[in-house]
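Close look at the chain arrangement
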Amino acid sequence: MEETRLVLLGPPACGKGTQGRRLAAEYGLGYFSTGKQLRREVEEGTALGKEADQYLSRAEYVPDELVLAIVSDWVSKQKGGWILDGFPRTVKQAEELDAFPAESIGSLRALLIDVDRDVLAQRVSQRCECGYCSWTGTSEEVKETASCPSCGGALIRRRDDEPEAFRKRMDVYEELTLPVMEHYSSSGRLLSVSGIGTPGEVFKRVEDALQSHG
Ligand code: AMP
C-alpha cells in the first residue's frame, strides 16, 4: 500500500474526504484535497485564492490550469504514496495527470465512491467542517459538543453546500466529471465501491477493493 497513487472520484459529499484522510492515516500516505486547498487560499486572500473565489462563489469548477498548478506542486514534493481527493475532475485534468513523470504517478488508480443524488442532498444538508483542521462530518455527529471532535475548533457550514449551490455542483459533476470515469475504466484503472453506509462500512469496502486489485 505504501506505493499507492490513488485518485478519489465521486460526487460532492460522497465521502471522499472522510475515506481519503482515513486511508492516508492508516497506510502512511500523503493526502491532498484540491477543494480544501482552494478554500484555504480564498481565506488567506492569496492571488490564487482571489482568482479561484470567482468560481467557487458560483459553485463552478475553477479553471484546469489553476488546479493543475497546485496539484503538480504538491505531487512533486511527495516522497512516497499519495491520495488526491477531488482531482482530477475533468478529462483534461486526468490527461494532464497521466502526463506527469512516470516515477511520480507510478501505477495510478482511481476509486469511485458511488452514492445516489437524493442521498447526497440529504447528507449535504447536515454537513459541517472544521475551520482549523481538516475534519468533516455531520451536525448529527457533533450535536453534543457543537465543536470539532478532532481539534475542538469552531465548525462551519460550507457556502457551496447551500441547496441551490449543491444542485449546481451536482449538475457540473454530471457534465464534466462523469466522463472522467470512462477515462479510467477504459484503461482498466477504475475501482468502484458503494458509499452508502457508515464511514466504517465504506472504509472496509475501500480497503477490500484496493487489496483485491493489488
Ligand atoms: P470539494 O471540496 O472537493 O467539494 O471542492 C469544492 C470546490 O472546489 C468545487 O466545487 C470546485 O469549485 C473547486 N474544485 C476542487 N477541485 C477542483 C478541480 N479538480 N477542478 C476544478 N475545480 C475544483
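Residues numbered from 1 in each chain as written. Predicted model: local features only at pLDDT ≥ 70, side-chain atom pairs only at ≥ 80, totals over all residues. Heavy atoms only, no water.

1. Structural notes on the nonpolar core
Ranked by size, the top nonpolar core spans 50 residues in total, and within it Val7, Val71, Leu84, Leu97 and Tyr184 carry the most contacts. In terms of nonpolar packing, the next biggest core, distinct from the first, is built from five residues, Cys130, Trp135, Val142 and Cys148 among them. (Core = buried A, V, L, I, M, F, W, Y, C linked by side-chain atoms within 4.5 Å. Buried < 20%, exposed > 50% of the residue type's maximum accessible area, 1.4 Å probe, protein only.)

2. Here we look at the pairing of strand S1 (residues 5-9)
A regular strand places its side chains on the two faces of the sheet in alternate fashion. S1 sits mainly inside the fold: five of its five residues count as buried. Judged by which residues are buried, S1 turns out to be covered on both faces: Arg5, Val7 and Leu9 on one side and Leu6 and Leu8 on the other are all buried. Across four bridges, S1 lies against strand S3 (residues 82-85) in parallel orientation. From the neighbouring strand, leucine 8 faces S3, where its bridge partner is aspartate 85. (Helix = DSSP H or I, 4+ residues; strand = E, 2+ residues; numbered from the N terminus. Pairing = 2+ DSSP bridges.)

3. Brief notes about the packing of helix H1 (residues 16-27) against helix H9 (residues 199-212)
Closest axis-to-axis distance for the H1/H9 pair is 10 Å, and the angle between their directions is 60°. The angle between the axes of H1 and H9 places the two elements in the oblique class. In this structure, the crossing between H1 and H9 has a hand that is right-handed. In contact with Thr18, Gln19, Arg22, Leu23, Glu26 and Tyr27 of H1, H9 contributes Pro199, Gly200, Val202, Phe203, Val206, Glu207, Leu210 and Gln211. Its residues assigned to classes, the contact of H1 with H9 comprises seven nonpolar, four polar and three charged. (Axes fitted to C-alpha atoms, helices over the stretch in contact; angles between N-to-C directions. Parallel < 35°, antiparallel > 145°, perpendicular 65-115°, else oblique. Left-handed = near helix turned anticlockwise from the far one by under 90°. Contact = heavy atoms within 4.5 Å. Nonpolar A, V, L, I, M, F, W, Y, C, P; charged D, E, K, R; others polar.)

4. Observations concerning the sheet that holds strand S5 (residues 127-130)
On the basis of which strands lie adjacent, the open sheet formed by three strands has the order S6-S5-S7 and antiparallel pairing. Each having just a single partner strand, strand S6 (136-138) and strand S7 (155-156) make up the two edges of the open sheet. Bridge analysis of S5 against S7 gives two bridges, and the strand direction is antiparallel. Residue cysteine 130 lies in a different strand from S7, and its bridge partner there is leucine 155.

Functional significance is not addressed by these values, which are geometric in nature.
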